[in-house]
Amino acid sequence: MTTPHAPTPSQTIGPFYGHALPAAGGPDIAPLAHPDRITLHGYVYDGAGDPVHDALLEIWQPAPDGSRTGAPGSLRRDPVTGRPAGRDGVTFTGFGRVPTDADGHWAIHTLPPGGAPYLSIALFARGLLNQLYTRAYVRDDPDDALLTTLDPGRRATLLAQAGPHRAYRFDIRLQGEGETVFLEFG
Amino acid sequence: MTKPLTTNLTKPPSPPPYRSLKLRTPHGPLVRVRDPEAVELTGPVFGVTDVTPLDGDLTRQHTGDPIGERITVTGRVRDRQGRPVRGQLVELWQTNAAGRYAHRRDQHPAPLDPNFTGCGRCLTDDDGTYAFTTIRPGAYAWRNHDNAWRPAHLHFSFFGTAFTQRLVTQMYFPGDPLLALDPVLHSVTDEVARARLVAAYDHDLSVPEWSLGYRWDVVLDGPSATLFEDGEAR
């Protein structure tokens, strides 16, 4: 055995995390008045095609200059009240968190990633034993190390569709027809 | 008509399956990414603005004391090489002592506690150690199958040094008779791996005339290692 420490197993996030994990400003990764702000949004659907209203998405991405160091301040707390304090309005932390709403819809506001054409997404939900990783590509890249390995149908599930007002649509289908490509690493 | 006696009395039958898996588990295989430039090999960072010193004490978030058995839960967060995960965010959420979440969709007929919300967070220290003071959560009924009850548990969220190390899981209490009956705990099919989700009572962590102590150490890896023992998954 090469690795002495056995990993702690994952368990489902369950249905009742909503009073604990989502935070004010969680979806607003971009500084508020930044001119390059984009919206990334979509729906999450289950294997019956029904919207998943109790999923949590986390987004991790490089800064526009390609930096991957991130910065603190994604989930700030107010030391006076102990309540979520939102972001400071100017720092790009690279990390966002957003729950789906009653329609199964989510949206984040961010800046285009630099040095990589995608934002990384971890999806948590009741009924998922592990988080599911996927990527929302906001630029198609014929040389991308992952996209080149996928057949066209599967590949298309990772491409966010550009719409008006700098909004990109990225739906996630957990199961069945049009099932999103989910990733593992290592 | 009598049923034949089971031949293996030490191995009780597995609990019914976790029902919510059915429409949410992907059918396709996970696509393995081996790109050393993958963004997921880095991850978010947190700092002192993301927590306050009181966030780790769930018993002091309201004007009064919550009802229940006060506990302290602590442990170390490490990677598979044993290196401490330093300065990272740990989040905890749970029911109150009666087994109810402060969440409007939880309508389990148990009382809410006005002095307990059940959410906490802290940063790991230089040793990778986290610590919370809270109250012991209660068991609760759910509708997975007839007479289904979840054992008392704490939900935990951990960030590692890479996005691939992200871990959301649940901690259980030793000696709970409901552990053997829980579809969620048994969604981890390996018995040895399951045992790693059960904390140890540690009398040295108990604070005299104040709280009972539990130790629960955590090792971060990634999702691919969660259902299998070493060697099976990779």
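Residues numbered from 1 in each chain as written. Chains lettered and ligands numbered in written order. Predicted model: local features only at pLDDT ≥ 70, side-chain atom pairs only at ≥ 80, totals over all residues. Heavy atoms only, no water.

Description of the overall build of chain B
- Looking only at helices and strands, chain B features one helix and 12 strands.
- Shown N-terminal to C-terminal, the secondary structure of chain B runs as helices and strands in the order β-β-β-β-β-β-β-β-β-α-β-β-β.
- Residues counted as buried form 53% of the 234 residues belonging to chain B.
- The long-range share in chain B, meaning contacts at least 24 apart out of those at least 6 apart in sequence, stands at 70%. (Helix = DSSP H or I, 4+ residues; strand = E, 2+ residues; numbered from the N terminus. Buried < 20%, exposed > 50% of the residue type's maximum accessible area, 1.4 Å probe, protein only. Contact = heavy atoms within 4.5 Å.)

Considering the layout of surface pockets
- The calculated volume of the largest pocket comes to roughly 710 Å³.
- As for the largest pocket, its lining consists of 28 residues, and the residues nearest its centre are Pro-15, Phe-16 and Arg-126 of chain A together with Trp-142 and Arg-143 of chain B.
- Considering every element that reaches the lining of the largest pocket, the biggest residue donor is strand E6 (residues 140-142) of chain B, with three residues.
- Looking at side-chain class alone, the lining of the largest pocket contains 12 nonpolar, nine polar and seven charged residues.
- Here the second largest pocket defines a volume of roughly 510 Å³. (1 Å grid on protein atoms, 1.4 Å probe; cavity = no way out; pocket = protein on both sides within 12 Å on 5 of 7 lines; lining within 4 Å. Points joined across faces, edges and corners; volume = space filled by probe spheres on them. Nonpolar A, V, L, I, M, F, W, Y, C, P; charged D, E, K, R; others polar.)

A short note on the nonpolar core
- Tyr-130, Phe-156, Phe-158 and Trp-216 of chain B are the most contacted members of the largest nonpolar core, which totals 73 residues.
- Grouped together as the second largest cluster of nonpolar side chains are 29 residues, Ala-63, Leu-111, Leu-119 and Leu-128 of chain A included. (Core = buried A, V, L, I, M, F, W, Y, C linked by side-chain atoms within 4.5 Å.)

Some words on the pattern of salt bridges
- Within this structure, the stated rule accounts for 16 salt bridges over all chains.
- We note a salt bridge from Arg-169 of chain A to Asp-171 of chain A, for which the minimum N-O separation is 2.8 Å.
- Judged by its relative accessible area of 16%, Asp-171 of chain A is buried.
- Ionic contacts of the salt-bridge type, sharing partners, join the residues Glu-58 and Arg-97 of chain A together with Glu-91, Arg-121 and Arg-166 of chain B into one network. (Salt bridge = Lys/Arg side-chain N within 4 Å of Asp/Glu carboxyl O.)

Section: the sheet that holds strand E4 (residues 119-123) of chain B
Residue and element names in this part refer to chain B.
- Read from one edge to the other, the open sheet built from four strands follows the order E4-E3-E8-E9, with strand pairing classed as antiparallel. Edge positions in the sheet fall to E4 and strand E9 (167-172), since each of these pairs with one other strand and no more. Neighbouring strand axes in the sheet, compared pairwise and without regard to direction, differ in orientation by 20 degrees on average.
- When strand E3 (residues 89-93) meets E4, the two strands line up antiparallel, connected through five bridges. Paired with Val-90 across the two strands is Cys-122, which belongs to E4. (Pairing = 2+ DSSP bridges. Axes fitted to C-alpha atoms, helices over the stretch in contact; angles between N-to-C directions.)

Structural notes on the UniProt feature "domain: Intradiol ring-cleavage dioxygenases" (unreviewed entry) in chain B
- As annotated by UniProt and renumbered to match this structure, "domain: Intradiol ring-cleavage dioxygenases" (unreviewed entry) occupies residues 73-101 of chain B.
- Its end C-alpha atoms 19 Å apart, residues 73-101 of chain B is made of 0% helix and 41% strand. (UniProt positions renumbered as here; feature names shortened; annotations may be inferred.)

Some details on the state of the cysteines
- Taken as a whole and assessed by the stated rule, the structure comprises zero disulfides over all chains.
- You can see Cys-119 of chain B has no disulfide; the closest cysteine sulfur is in Cys-122 of chain B, sitting 14 Å from it. (Disulfide = S-S within 2.5 Å.)

Focus on the pairing of strand E6 (residues 132-137) of chain A
Residue and element names in this part refer to chain A.
- Most of E6 is tucked away, with six of its six residues classed as buried.
- Taking every second residue as pointing to the same face, both faces of E6 are buried, with Leu-132, Thr-134 and Ala-136 on one and Tyr-133, Arg-135 and Tyr-137 on the other.
- Pairing of strand E5 (residues 118-125) with E6 involves six bridges; the strand directions are antiparallel. Within E6, the position partnered with Leu-119 by the bridge is Ala-136.
- Linking two consecutive strands that pair antiparallel, namely E5 and E6, is a turn of six residues; a positive phi of about 90 degrees is found at Gly-127 within it.

Digging into the environment of Gly-175 of chain B
All names here are of chain B.
- Assignment of secondary structure puts Gly-175 in the loop between E9 and helix H1 (191-195).
- Look at Gly-175 and you get exposed, because its relative accessible area is 74%.
- Considering only alpha carbons, one finds Gly-175 and Ala-199, 24 residues apart in sequence, at a separation of 9.9 Å.

Examining the interface of chain B and chain A
- At the interface, 79 residues of chain B touch 75 residues of chain A.
- For chain B, the biggest contributors to the area lost against chain A are Arg-24, Val-39 and Phe-163 of chain B; these three give 12% of the whole.
- Our enumeration of links across chain B and chain A arrives at five salt bridges.
- When the shortest N-O distance is used, the salt bridge between Glu-91 of chain B and Arg-97 of chain A registers 2.8 Å.
- Elements with a minimum of two residues in the side of chain B that touches chain A: strand E1 (31-33), strand E2 (70-79), E3, E4, strand E8 (153-158), E9 and strand E12 (218-220) of chain B.
- Looking at the side of chain B that touches chain A, the element that brings in the most residues is E9 of chain B, giving five residues.
- Along the lines of polarity and charge, the residues of the side of chain B that touches chain A split into 35 nonpolar, 23 polar and 21 charged.
- Note that strand E10 (residues 183-185) of chain A and E1 of chain B share three bridges and pair parallel. (Buried area = accessible area lost by both parts, 1.4 Å probe.)

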